Amino acid sequence: SDDGKVSGRFLLKLSGEAFSGGGGLGVDPDVVHKIAREIAAVVRDGAEIAVVIGGGNFFRGAELQQRGMDRARSDYMGMLGTVMNCLALQDFLEKEGIDSRVQTAITMGQVAEPYIPLRAVRHLEKGRVVIFGAGMGMPYFSTDTTAAQRALEIDAEALLMGKNGVDGVYDSDPKKNPDAVKFDSLGYGEVITRDLKVADATAITLCRDNKLPILVFELLTEGNIARAVKGEKIGTLVGD
Ligand code: UDP
């Protein structure tokens, strides 16, 4: 990017759905490249970036369960899906000249490091992007909860939630209700009591209990990752 230095450590949560490029399924390399370019720019400017990617472009445990599969096994499939997204992002970061490490909560030594928090922090300090894969490694959790937990453990200053096709938090679904109103800021409590679509309740509760701010923003709008890192007023800020 152009307008100078940034600082701070951030946990960027990327929608798995966005990775499919509108196809719903699999990975669209053009989209991943675009996201990698934006991450590379803020890392060059001095930001420390850790990433958690969803897996909705491959499998969602709850959906497979509805189709008759065992929930825990379906959730493991979901977690493995996130790892493919991680590898795709790593590849394009490399092409942008940015070093990265994938750390997975399910050990798979040939493709990634195991999740070792202190080592992740060390990578970040060296200017490497750390990409956390396989969620928490536990069924019944989500990558939103993973993003909150990892953000806390690596001491990130905010959780930046990049969404697919929506530019913040609304009082109702803007795709269904043309009169939906967007919030500029919101309390954690309101998100929970009004069941607003920010993240699942486990993730929100974890953020609230530890006062971790969440910025919800549209991921694929050009320049938005930089705006989020620079603290510009985009999206919806969830805090106290
Ligand atoms: N998942 C899990 N534990 C985790 C993280 C993810 O079981 O710690 C599974 C779960 O089945 C989920 C899938 O991985 O549906 C994909 O993760 P994501 O959070 O992206 O689900 P989505 O938000 O797309 O439904």
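Residues numbered from 1 in each chain as written. Predicted model: local features only at pLDDT ≥ 70, side-chain atom pairs only at ≥ 80, totals over all residues. Heavy atoms only, no water.

1. Here's the deal with the pairing of strand E2 (residues 48-53)
Extensive coverage of E2 is indicated by the burial of six of its six residues. Burial of the side chains of E2 extends over both faces: Glu48, Ala50 and Val52 are buried on one face and Ile49, Val51 and Ile53 on the other. Summarising the sheet, strand E1 (residues 9-14) and E2 pair through six bridges and their orientation is parallel. Along E2, the bridge assignment pairs Arg9 with Glu48. Pairing geometry for E2 and strand E5 (residues 129-133), over three bridges, is parallel. Within the sheet, the bridge partner assigned to Ala50 lies in E5 and is Val130. (Buried < 20%, exposed > 50% of the residue type's maximum accessible area, 1.4 Å probe, protein only. Helix = DSSP H or I, 4+ residues; strand = E, 2+ residues; numbered from the N terminus. Pairing = 2+ DSSP bridges.)

2. Side note on the layout of surface pockets
To find the voids left in a structure, one rolls a probe of water-molecule size over its atoms. Put simply, the second largest pocket is a space of about 290 Å³. Surrounding the second largest pocket, 16 residues form its lining, Leu215, Gly231, Glu232, Ile234 and Leu237 being those nearest its centre. Its residues assigned to classes, the lining of the second largest pocket comprises eight nonpolar, four polar and four charged. (1 Å grid on protein atoms, 1.4 Å probe; cavity = no way out; pocket = protein on both sides within 12 Å on 5 of 7 lines; lining within 4 Å. Points joined across faces, edges and corners; volume = space filled by probe spheres on them. Nonpolar A, V, L, I, M, F, W, Y, C, P; charged D, E, K, R; others polar.)

3. Notes on helix H5 (residues 117-125)
Those residues of H5 not exposed but buried are Ala120, Val121, His123 and Leu124. Buried positions in H5, seen along its axis, are confined to an arc of 155 degrees and lie on one side of it. For H5, the secondary structure elements touched by its buried residues are E1, E2, strand E3 (100-104), strand E4 (113-114) and E5. Downstream of H5 by one or two residues, Gly127 has phi in the positive range, about 85 degrees. (Arc of directions from axis to C-beta. Contact = heavy atoms within 4.5 Å.)

4. A closer look at the side chain of Glu218
With respect to the secondary-structure elements, Glu218 resides in strand E10 (residues 214-218). Lys175 is the oppositely charged side chain nearest to the buried, salt-bridge-free Glu218, at an N-O distance of 7.5 Å. Reaching out from Glu218, the side chain makes a polar contact with the backbone nitrogen of Leu220 at a distance of 2.8 Å. Here Glu218 is in contact with Lys163, Asn164, Gly165, Val166, Asp167 and Asn224, once residues within four sequence places are set aside. (Lys, Arg positive; Asp, Glu negative; His and termini not counted. Salt bridge = Lys/Arg side-chain N within 4 Å of Asp/Glu carboxyl O. Polar contact = N/O pair within 3.5 Å; in protein donor to acceptor, adjacent residues only side chain to side chain.)

5. Structural notes on the packing of helix H6 (residues 143-153) against helix H8 (residues 201-209)
The interhelical angle for the contact between H6 and H8, taken along N-to-C directions, is 20 degrees, at an axis separation of 7 Å. Classified by the angle between their axes, H6 and H8 sit roughly parallel to one another. With respect to the hand of their crossing, H6 and H8 are arranged in left-handed fashion. Between H6 and H8, the contacting residues are Asp144, Thr145, Ala148, Gln149 and Leu152 on the first element and Thr202, Ala203, Leu206 and Cys207 on the second. (Axes fitted to C-alpha atoms, helices over the stretch in contact; angles between N-to-C directions. Parallel < 35°, antiparallel > 145°, perpendicular 65-115°, else oblique. Left-handed = near helix turned anticlockwise from the far one by under 90°.)

6. Remarks on the site of the ligand
Of all residues adjacent to the ligand, which total 18 residues, the nearest are Gly55, Arg60, Asp75, Met138 and Thr143. A distance of 2.7 Å separates a nitrogen atom of the ligand from a polar atom in the backbone of Met138. Alone, the ligand offers 510 Å² of accessible surface; in the complex the protein occludes 86% of this. A per-class count over the shell around the ligand returns seven nonpolar, nine polar and two charged. (Near = heavy atom within 4 Å. Areas by Shrake-Rupley, 256 points an atom, 1.4 Å probe, with all protein chains shown as cover.)

7. Some remarks on a nonpolar patch on the surface
Together, Met138, Tyr140 and Phe141 make up a nonpolar patch on the protein surface, roughly 330 Å² of accessible area in all. Topologically, Tyr140 is positioned in the loop between E5 and H6. What makes Tyr140 exposed here is its relative accessible area of 59%. (Patch = residues over 30% accessible without salt bridge, like charges linked within 9 Å, V, L, I, M, F, W, Y side chains within 5 Å.)

8. Looking at the pattern of salt bridges
Applying the stated rule across the entire model yields 17 salt bridges. Note that Asp144 is salt-bridged to Lys13, the shortest N-O span being 2.6 Å. Of this pair, Asp144 sits in helix H6 while Lys13 sits in strand E1, and the two are 131 residues apart along the sequence. Judged on exposure class, the residue Asp144 and its partner Lys13 are both buried. When salt bridges that share partners are traced, they join Glu17, Arg60 and Glu63 into one network.

9. Concerning the nonpolar core
With 38 residues, the main nonpolar core has Leu14, Ile39, Ile49, Val51 and Leu89 as its most contacted residues. When residues of this core are assigned to their parent elements, the largest contribution, eight residues, is made by helix H2 (residues 29-44). With residues up to four places along the chain from it excluded, the contact list for Leu14 reads Phe19, Ile35, Ile39, Val51, Val52, Ile53, Gly54, Leu89, Gly162 and Leu219. Leu11, Ala120, Tyr188 and Ile214 belong to the second largest nonpolar core, which has 31 residues in total. (Core = buried A, V, L, I, M, F, W, Y, C linked by side-chain atoms within 4.5 Å.)

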